[in-house]
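# Examining the three-dimensional arrangement
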Amino acid sequence: MAGLEPLYAWARAAVSRPQDALICGVHWELVRHGYRCLGAGDQPGPDERKSELLPAGWEANKEVYTLRYKSTDDAHELLLKAIMVEDSMILNVMDRSSQKVADVTLAVADYINSEHLDDFHKVYRNTEELRTRIASGIIAPLGATAEKAKKEPEAEKKDPDLPRDYNPLRVPPRQPAGTRAPS
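In what follows, the accompanying structure is described.

Each value, and the rule that gives it
Residues numbered from 1 in each chain as written. Predicted model: local features only at pLDDT ≥ 70, side-chain atom pairs only at ≥ 80, totals over all residues. Heavy atoms only, no water. Helix = DSSP H or I, 4+ residues; strand = E, 2+ residues; numbered from the N terminus. Buried < 20%, exposed > 50% of the residue type's maximum accessible area, 1.4 Å probe, protein only. Pairing = 2+ DSSP bridges. Phe/Tyr/Trp six-rings, centres within 6.5 Å; stacked < 30°, edge-to-face > 60°. Polar contact = N/O pair within 3.5 Å; in protein donor to acceptor, adjacent residues only side chain to side chain. Axes fitted to C-alpha atoms, helices over the stretch in contact; angles between N-to-C directions. Contact = heavy atoms within 4.5 Å. Parallel < 35°, antiparallel > 145°, perpendicular 65-115°, else oblique. Left-handed = near helix turned anticlockwise from the far one by under 90°. Nonpolar A, V, L, I, M, F, W, Y, C, P; charged D, E, K, R; others polar.

## Regarding the overall build of the protein
- In terms of helices and strands, the protein carries six helices and five strands.
- Buried positions account for 36% of the 183 residues belonging to the protein.

Written out as structure tokens, the structure is:
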């Protein structure tokens with residue numbers, strides 16, 4: 001997960017339990033999908049702005065993590081509550097604008113090696129599965145974000161009537177005006 005390593009290095013001093021490391025991974029996946037963190041807790045604070053970093057005090061409560069996010073295009077505002085239940089983390093996310101809710105349950109040990117919290121290169125495991133679970137369980141049910149919306153028009157620009165080997169830079173064969181090609 002490109003970009004997670006500098007985030008983890010920045011947050012490393014606050015990471016004291018496996019669930020802290022998992023929250024870092026979940027947070028970074030939301031950032032990758034076009035969201036920025038506004039802050040911790042249910043209510044907005046003073047001088048809040050969008051950031052790729054975790055906010056101050058994000059790890060204060062080890063049983064219930066509460067973070068707020070906003071999409072880069074300001075179309076979606078998410079409230080993430082991550083609740084620890086025994087060895088699992090239940091991620092409950094609500095889009096405040098549409099009131100849609102999505103949730104995913106993750107077994108912390110499936111994604112975090114608790115013996116290596118101090119070593120980024122050993123702490124995460126099954127990262128592709130984690131990314132897939134976040135994308136399919138949270139991002140997809142809540143709707144497209146800014147980055148996905150930007151990618152879709154590019155696909156629509158392709159003209160389905162053009163042949164597959166069409167090349168706009170290819171120079172067509174030259175034929176003098178008024179002559180027919182030999183048959």
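## Description of the pairing of strand β5 (residues 101–107)
- The alternating pattern of β5 places Ala 102, Val 104 and Leu 106 on a buried face, while none of Val 101, Asp 103, Thr 105 and Ala 107, on the opposite face, is buried.
- Looking at chain direction, strand β4 (residues 88–95) and β5 are connected through seven bridges and run antiparallel. Paired with Asn 92 across the two strands is Asp 103, which belongs to β5.
- Linking two consecutive strands that pair antiparallel, namely β4 and β5, is a turn of five residues; a positive phi of about 65° is found at Gln 99 within it.

## Re the packing of aromatic side chains
- Overall, the coordinates contain four aromatic pairs when judged by the stated rule.
- When the centroid spacing of 5.7 Å and the interplanar angle of 75° are considered together, the rings of Tyr 8 and Tyr 124 count as edge-to-face. Note that Tyr 8 is positioned in helix α1 (residues 4–11) and Tyr 124 in the loop between α4 (120–123) and α5 (127–142), a separation of 116 residues in sequence. Considered together, Tyr 8 and Tyr 124 belong to a single accessibility category, that of buried residues.
- Three or more aromatic residues joined by ring pairs form one cluster here, namely Tyr 8, Phe 120 and Tyr 124.

## Brief notes about the side chain of His 27
- In this structure, His 27 sits in helix α2 (residues 18–32).
- By relative accessible area, which is 0% here, His 27 ends up buried.
- Among the polar contacts listed, one links the side chain of His 27 to the side chain of Tyr 69, at a separation of 2.8 Å.

## Brief notes about the sheet that holds β4
- Spatially, β1-β2-β3-β4-β5 is the arrangement adopted by the five strands of the open sheet, whose pairing is antiparallel. Looking along the sheet, the strands with just one partner apiece sit at the ends: β1 (35–40) and β5. Averaged over all neighbouring strand pairs, the angle between strand axes comes to 25°, with direction disregarded.
- The strands that α5 touches are β1, β3 (77–85), β4 and β5; relative to β5, the one it contacts most, it runs at about 165°.

## Re the packing of α1 against α2
- Here α1 crosses α2 at 140°, and the two axes come no closer than 10 Å. With respect to each other, α1 and α2 are oriented oblique. Seen along the crossing, α1 lies across α2 with a hand that is right-handed. Across the interface between the two elements, Leu 4, Leu 7, Tyr 8 and Ala 11 of α1 pack against Ala 21, Cys 24, Gly 25, His 27 and Trp 28 of α2.
- Of the residues assigned to the contact of α1 with α2, the class counts are seven nonpolar, two polar and no charged.

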